[in-house]
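Structure at a glance
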Protein chains: 2
Amino acid sequence: MRHGCARPENAYQAHLLRMLRNRGPMSRAELGETMSLSRTKVAMELDRLAQLGLVDTGGLAASRGGRRSAMVSVAADLRFVGVDIGATSVDVAVLDGELQLLDRLSDAISIRQGPEQVLETVLQLVGKLQGNGLAPRVDGVGVGVPGPVSFLEGTSVVPPIMPEWHHFPIRDMLSRELGAPVMVDNDVNILALGEMHAGTARSVEDFLFVKLGTGVGCGIVLRGNLHRGPNGSAGDIGHLQVEDYGPPCACGNVGCLEAFFSGAALERDALQAARSGRSPALADRLAATGSLSAVDVGVAASGGDPVAVAMVRDGARRLGQVLAALVSFINPALVVIGGGVANLGHALLAEVRSVVYRRSLPLATGNLPIVLSELPAEGGVIGGARLISDAVLCTPRSAAP
Amino acid sequence: MRHGCARPENAYQAHLLRMLRNRGPMSRAELGETMSLSRTKVAMELDRLAQLGLVDTGGLAASRGGRRSAMVSVAADLRFVGVDIGATSVDVAVLDGELQLLDRLSDAISIRQGPEQVLETVLQLVGKLQGNGLAPRVDGVGVGVPGPVSFLEGTSVVPPIMPEWHHFPIRDMLSRELGAPVMVDNDVNILALGEMHAGTARSVEDFLFVKLGTGVGCGIVLRGNLHRGPNGSAGDIGHLQVEDYGPPCACGNVGCLEAFFSGAALERDALQAARSGRSPALADRLAATGSLSAVDVGVAASGGDPVAVAMVRDGARRLGQVLAALVSFINPALVVIGGGVANLGHALLAEVRSVVYRRSLPLATGNLPIVLSELPAEGGVIGGARLISDAVLCTPRSAAP
């Protein structure tokens, strides 16, 4: 039976829960072997976790010859909610204690509607999912928002595309309404956590996740933990200055990476190329649909349109220059590129790789894979659930939540 | 009584030892309060640490009114050796369990003599220090070398200025000869650890330490731990490409930061400015001493020589550009600039600050101090001792050394 926010009491219990969450059911024998703990110690900690309602110890493992070992799993009724708030839509999902997706709902929003209205939509979606009977209770909620976040305060801070959200108490409001612990992070960090839990980055401890969307950002995972920095602004690479001069950026500066290469920059350049007649392919597309996006640039580039090809190559080269420095500096084991603009076709990845491998230190890039994300559309809600489950399952009660 | 490599048995013991090392003697009451542990638990863990010979529990604290609480300290006979190998000299010091310097010896070497000869000098210096009676036993040795290190293997790897050292088993050789655990890291990381233990960075968890010497490197400390990266090359910022073209670098590329700004680059540019007659101040200095170094550039710049001033400003601006990106990326709480070239006078720091504060994200630089290192010349040996004492005192026996 759980009361309020059940959490493990010590580091062994947190470790046991993390293993069961990430690997699924294990026998007591396996748990003891993997953690180098005595059978008595494992039994003692599991008993306590069962009392806290965090594990089920009832099942029996397939026999390995001798007496069948009892199987242990995270409690079957644990439920986490992942919320992925985008600029134009919101995804809400219910996941179990192993972060398996049980159900998911989406709705169209505009982030400009402001926090009250958007969070009301979130609450309605959570209510519907609970109505389905899948989440009789909620053990924690992890939320991603499309802008800078004060992680400690659970609020957005000076978010450029959602000024109405500045300092709005997202965490406290949702926590009060849902009666569960809530954590809020920016969309890039949430996707990096999804990548760590269910993507290519599953097996590495140190990696960079680059999100190419309307803007550009980077999630930094070191020793298996997100690095946010004391102000929470770590990874905000979209406004690194790559040239002394260049197109004006939404932030007010010139020469920022995302003013050269991002969904917004590609859209701006595509419209210009279409209207000036330099790109017949983009002009046709604009005439047909009335608008242009990064996807259209990708399609035109794949079709061989030279202007579109150059746009992808130039942008990827600038991204590669930034990544080369970051790779030399932080020496990650993997770089994953995701987000809506990541699918510009082979030219993007080829150019980024070419610049990074040529410009970074040989020692830093020796075995470094640079890959596109293979995370499904659920990456955001999985990352949200991972965030809050780390706090609820993997942080002993004496430590900060 | 200690036998072989005594190490704490669990995380509480490691935490207790770390506090006693960093803060000095504490009463049992203080220890319990600071760690939120019961008096019984503290007593139990301290008894075990005393049995392991890692703490002394004999002293009595000054009375706070009631019964005098017993004072606890790290064992008075703990001894660590710090070794700082430079290109032209080696420093060896003996430190106690609180990393207080007890004695220190230096000798001139040439790193080009190769590992056997240089390490023989190190062993002789350690022998002399032991002969002084200050180090009847050695609990651990931390070594810094002026080049890339494979931290896991305890060897140098492709070190540019010391090719003879490539893959030489520094750690294993010294460990065998001295009968104590040894750890090897590069000079920049060792200085960053010194900065963390005894410098301006004492009170922060996340900081960058930039060493401006013959080359340029950066130590990255996150959450109180050095970040080395999977290949140990993290922080190697000297070869970040800051221009497409530029002076050739010792690494074989062009446009590297340290080809523009480093002790070696300043020496090269100073000689050129002196010989071409562009800088009368540097020409006079060259005529007087027959050579020029970064120190001469600093003196000439402080004296108002326009060419020397421009050299410092231009170099500092390039360093600032690199730091601006790294600060936005990793969001540290402090940047410390050290190394022999750091004392170029006020112009260096002013220019670096100007570029970083202008180019970095406001959120990342809000409260960011950028300061010169105030670490004394012993910074390297203190950092070496800190490195090995972290492993010996602060890593529980079940974890990797």
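Whatever comes next refers back to the structure up there.
Notes on the structure follow. (Residues numbered from 1 in each chain as written. Chains lettered and ligands numbered in written order. Predicted model: local features only at pLDDT ≥ 70, side-chain atom pairs only at ≥ 80, totals over all residues. Heavy atoms only, no water.)

1. Remarks on helix α10 (residues 294-302) of chain B
Residues and elements named next belong to chain B. Taken together, the buried positions of α10 are Ala294, Asp296, Val297, Gly298, Ala300 and Ala301. Along its buried surface, α10 packs onto α8 (263-275), α9 (280-289) and α11 (306-330). Positive phi appears at Gly304, one or two residues downstream of α10, with a value of about 95°. (Buried < 20%, exposed > 50% of the residue type's maximum accessible area, 1.4 Å probe, protein only. Helix = DSSP H or I, 4+ residues; strand = E, 2+ residues; numbered from the N terminus. Contact = heavy atoms within 4.5 Å.)

2. Regarding the relation of the copies chain B and chain A
The transformation that overlays chain B on chain A combines an axial shift of 0.0 Å with a rotation of 180°, and the residual RMSD is 0.1 Å. Read as a symmetry element, the transformation amounts to a two-fold axis. The rotation axis passes nearest to the C-alpha of Leu326 of chain B in chain B, at a distance of 3.8 Å. In this assembly, 97% of the residues forming the interface of chain B have copies in chain A that are likewise at the interface, indicating an isologous arrangement. (Least-squares fit on C-alpha atoms with pLDDT ≥ 70 in both.)

3. Side note on the packing of α8 of chain B against α9 of chain B
Residues and elements named next belong to chain B. Here α8 crosses α9 at 100°, and the two axes come no closer than 7 Å. Between α8 and α9, the crossing angle belongs to the class labelled roughly perpendicular. In contact with Ala270, Leu271, Ala273, Ala274 and Arg275 of α8, α9 contributes Leu282, Ala283 and Leu286. Taken together, the residues of the contact of α8 with α9 sort by class into seven nonpolar, no polar and one charged. (Axes fitted to C-alpha atoms, helices over the stretch in contact; angles between N-to-C directions. Parallel < 35°, antiparallel > 145°, perpendicular 65-115°, else oblique. Nonpolar A, V, L, I, M, F, W, Y, C, P; charged D, E, K, R; others polar.)

4. A closer look at the interface of chain B and chain A
Taken residue by residue, the interface counts 36 residues in chain B and 35 residues in chain A. Here chain B meets chain A over a buried area of about 3,100 Å², counting both sides, of which 58% is carbon and sulfur. When the buried area of chain B at its contact with chain A is split by residue, Phe329, Arg359 and Leu363 of chain B rank highest and sum to 23% of it. Applying the counting criterion to the chain B and chain A interface returns two salt bridges. With its nearest N and O atoms 2.6 Å apart, the salt bridge here joins Arg359 of chain B to Asp244 of chain A. Joining chain B to chain A, the criterion identifies 16 residue pairs in polar contact (both at pLDDT 80 or more). Every element with two or more residues in the side of chain B that touches chain A is listed here: β12 (216-222), β13 (225-226), α11 and α13 (362-365) of chain B. Counting residues per element, the side of chain B that touches chain A draws most heavily on α11 of chain B, at five residues. Residues belonging to the side of chain B that touches chain A are distributed by class as follows: 19 nonpolar, eleven polar and six charged. (Buried area = accessible area lost by both parts, 1.4 Å probe. Salt bridge = Lys/Arg side-chain N within 4 Å of Asp/Glu carboxyl O. Polar contact = N/O pair within 3.5 Å; in protein donor to acceptor, adjacent residues only side chain to side chain.)

5. A word on the sheet that holds strand β4 (residues 79-85) of chain A
Residue and element names in this part refer to chain A. Strand order in the open sheet made by the five strands is β6-β5-β4-β7-β10, with mixed pairing throughout. Either end of the sheet is taken by a strand with one partner, and the two such strands are β6 (101-108) and β10 (182-186). Taken over all neighbouring pairs, the strand axes of this sheet differ in orientation by 15° on average, direction set aside. In the sheet, β4 pairs with strand β7 (residues 140-145) via five bridges, with the strands oriented parallel. The residue of β7 that forms the bridge with Asp84 is Gly144. The sheet contacts of helix α4 (residues 115-131) involve β4, β5 (89-96) and β6, and relative to β5 the element is tilted by about 35°. Sitting on the sheet, helix α6 (residues 187-198) is in contact with β7 and β10, with an inclination near 105° to β10. (Pairing = 2+ DSSP bridges.)

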